[in-house]
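# Coordinate inspection notes
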Amino acid sequence: AEVSTRTIMTTIPDVVVVGGGAIGASCARALAVAGARVTLIRSRSAVGEAWSASAGMLAAQLHGAAGDPMLELCLAGREFFAEHADRLRQDTGIDIGLTHTGILQLVWRASDVAAMKERVAWQRQQALRADWLDHEEVAEGWPWLEPSLGAFWSPEDGALDPERLVAAFTSDATRLGARIVEDTIVSLDHVDGRINGAIGEQRRYPAGTVVIAAGAWSGRLQALPRPLSVEPVRGQMMSFHWPVGAKPAIVFGERCYLLRRGNEMLVGATAEHAGFDASVTPAGLADLHRRAARVSSALAGIQPLRTWAGLRPATPDGLPIIGAEPRLPGLWYATGHGRNGILLSGITGQLIARGVSGASVTDELRPFRPERFWDW
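Calculation criteria
Residues numbered from 1 in each chain as written. Predicted model: local features only at pLDDT ≥ 70, side-chain atom pairs only at ≥ 80, totals over all residues. Heavy atoms only, no water. Helix = DSSP H or I, 4+ residues; strand = E, 2+ residues; numbered from the N terminus. Buried < 20%, exposed > 50% of the residue type's maximum accessible area, 1.4 Å probe, protein only. Contact = heavy atoms within 4.5 Å. Expected span 1.5 Å × (residues − 1). Pairing = 2+ DSSP bridges. Axes fitted to C-alpha atoms, helices over the stretch in contact; angles between N-to-C directions. Core = buried A, V, L, I, M, F, W, Y, C linked by side-chain atoms within 4.5 Å. Salt bridge = Lys/Arg side-chain N within 4 Å of Asp/Glu carboxyl O. Right-handed = clockwise from strand over helix to strand, strands pointing away. Phe/Tyr/Trp six-rings, centres within 6.5 Å; stacked < 30°, edge-to-face > 60°. Lys NZ or Arg CZ within 6 Å of the ring centre and 35° of its normal.

## Re the environment of leucine 305
Among the secondary structure elements, leucine 305 is positioned in the loop between helix H6 (282-295) and strand E17 (306-314). Since its relative accessible area comes to 42%, leucine 305 is described here as partly exposed. Along the sequence, leucine 305 and methionine 238 sit 67 residues apart, while their C-alpha atoms lie 7.3 Å from each other. In this structure leucine 305 touches Ser239, Phe240, His241 and Glu264, once residues within four positions along its chain are discounted.

Here's what the structure looks like:
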């Protein structure tokens, strides 16, 4: 539920949020809603940051199956936007571009058909909307796609515009009293087992609570109480004109997806361990182009309108790191969201605000606890 009281945090010290992307801005907003005095510290440039290169998908059901520790969190993330998109527009004047076009995941190998049908059956048992579409249904609904054996269809999934989302979260946080500062945080500030704030290139930022939401750069901060297992994974992307007459859609092929935003078709994305290099490469773009052309042959042989790349914050087990640092009271993590940063931004902010406010979030955050990698 939305943190709705501004008195719950009257005894909580000031909060510094490190990172101004979707996660950081959401945390700042939710903490400000709860009554905290928040300073959001963001870098001057968003180049390479995952949110600035994201397609903005809300693919909550894409991989949902029995035993998936992410499913409930992803569904809550999707529900957050269904509940808050209108409110954000009313309070900030910013439309985040939320659409529920559904997501189509194509199947070309006969060996994958049974697994996809099992996923449909299991999700339906969980009261989720999901369908298996045979090849004729796919051809009828999406005639511009190449023939397939069928597809997994999740009609309640969708997308939004990440740049508008970050602008809306930031604007709302400011409206609620948060302070926005441009600086680069280089280190935590703590003494005798208690957080005192954060240290930037320009100055110190005193606070009794610090939230690390710096994406792929989170683990590069100095004076962390333990190694933070977050590393950059580069995702290269490109865009084309959206096919004339084709309805808006989000389509997954083999290690690629096609998504409409405005009049563009966004195509993504590679997954490369290239350090903090956010440049595009001929080999990466060529491979992505080939995969996209298998989904829609109209893309073969034409040049993209533009290309770009971003750095996703990835963890060894693919799960985000969300929660309190047991060794350093006052330090919280909200990072490592990988491909799901936009989807999970709103719910992550709420969970962080609840936890900082003193509410128990142990059960919700157990799979994502920070100490799971370095428990020594």
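## Observations concerning H6
An ideal rise of 1.5 Å per residue puts 20 Å on 14 residues; H6 measures up with 20 Å between its terminal C-alpha atoms. Burial in H6 covers these residues: Gly284, Leu285, Leu288, His289, Arg291, Ala292, Ala293 and Val295. Where H6 is buried, its residues contact strand E4 (103-107), strand E13 (231-241), strand E14 (250-252), strand E15 (257-261), strand E16 (264-268) and E17.

## What about the sheet that holds strand E1 (residues 15-18)?
Taking strand neighbours across the sheet as the criterion, the six strands line up as E8-E2-E1-E12-E19-E18 in an open arrangement whose pairing is mixed. Of all the strands in the sheet, the pair left with one neighbour each is strand E8 (179-182) and strand E18 (321-324). Strand-to-strand twist in this sheet, taken as the mean axis angle between neighbours without regard to direction, amounts to 20°. Where E18 lies against strand E19 (residues 331-335), four bridges are found, and the strand directions are antiparallel. From the neighbouring strand, isoleucine 321 faces E19, where its bridge partner is threonine 335. Across the face of the sheet, helix H1 (residues 22-33) comes into contact with E1, strand E2 (38-42), strand E12 (209-212) and E19 while running at roughly 170° to E2. Along the sheet face, helix H7 (residues 341-356) touches E1, E12, E18 and E19 and points at about 170° away from the line of E19.

## A word on the nonpolar core
Ranked by internal contacts, the top residues of the largest apolar core, which has 54 residues, are Val17, Leu31 and Val211. Elements with a minimum of two residues in this core: E1, H1, E2, helix H2 (71-92), helix H5 (162-175), E19 and H7. Counting residues per element, this core draws most heavily on H1, which supplies nine residues. Apart from the residues within four sequence positions on either side, valine 211 is in contact with Val15, Val16, Val17, Val18, Cys27, Leu31, Trp332, Ala334 and Ile352. In terms of nonpolar packing, the next biggest core, distinct from the first, is built from 25 residues, Met238, Ala246, Ala249 and Leu299 among them.

## Examining the pattern of salt bridges
One pass over the structure, following the stated rule, counts 26 salt bridges. For the salt bridge of glutamate 254 with arginine 109, the shortest nitrogen-to-oxygen distance reads 3.6 Å. In this pair, glutamate 254 is assigned in the loop between E14 and E15 and arginine 109 in the loop between E4 and helix H3 (110-125), connecting sequence segments 145 residues apart. On the basis of relative accessibility, which here comes to 43%, the residue arginine 109 falls in the partly exposed class. Its salt-bridge partner being arginine 306, residue glutamate 264 comes within 2.9 Å of it at the nearest N-O pair. On the criterion of sequence distance, the pair formed by glutamate 264 in strand E16 and arginine 306 in strand E17 is long-range, its members being 42 residues apart. Arginine 306 sits in the partly exposed class, given a relative accessible area of 38%. One connected set of salt bridges, linked through shared partners, spans Arg29, Arg87, Asp91, Asp172 and Arg175.

## What about the pairing of E2?
Counting buried positions over the five residues of E2 gives four, a clear majority of the element. In this sheet, E2 lies alongside E1 in parallel orientation, the contact comprising four bridges. By the bridge assignment for E2, valine 16 is matched with threonine 39. Once the chain exits E1 it traverses H1 before rejoining the sheet at E2, and the crossover so formed is right-handed. Pairing of E2 with E8 involves four bridges; the strand directions are parallel. Its bridge partner being in E8, leucine 40 is matched across the sheet by isoleucine 180.

## A look at the packing of aromatic side chains
Counted according to the given criterion, the structure contains six aromatic pairs. Where phenylalanine 80 meets phenylalanine 81, the ring centres are 5.1 Å apart and the plane angle is 90°; that geometry is what we call edge-to-face. Across the pair, exposure class does not vary: phenylalanine 80 and phenylalanine 81 are buried alike. Geometrically, the ring pair formed by tryptophan 142 and tryptophan 153 is edge-to-face, given 5.3 Å between the ring centres and 65° between the ring planes. Linking tryptophan 142 in the loop between helix H4 (135-141) and strand E6 (150-154) with tryptophan 153 in strand E6, this pair joins segments that are eleven residues apart in sequence. We classify tryptophan 142 as buried; its relative accessible area is 7%. Site record: aromatic cluster; members linked through ring pairs are Phe80, Phe81 and Phe169. When the ring centre of tryptophan 142 is taken as origin, the NZ or CZ atom of lysine 247, which lies over that ring, is 4.7 Å away. Here arginine 294 stacks its cationic end above the ring of tryptophan 108, 4.3 Å away from the centre of that ring.

Just geometry here; none of it tells us what the structure is for.
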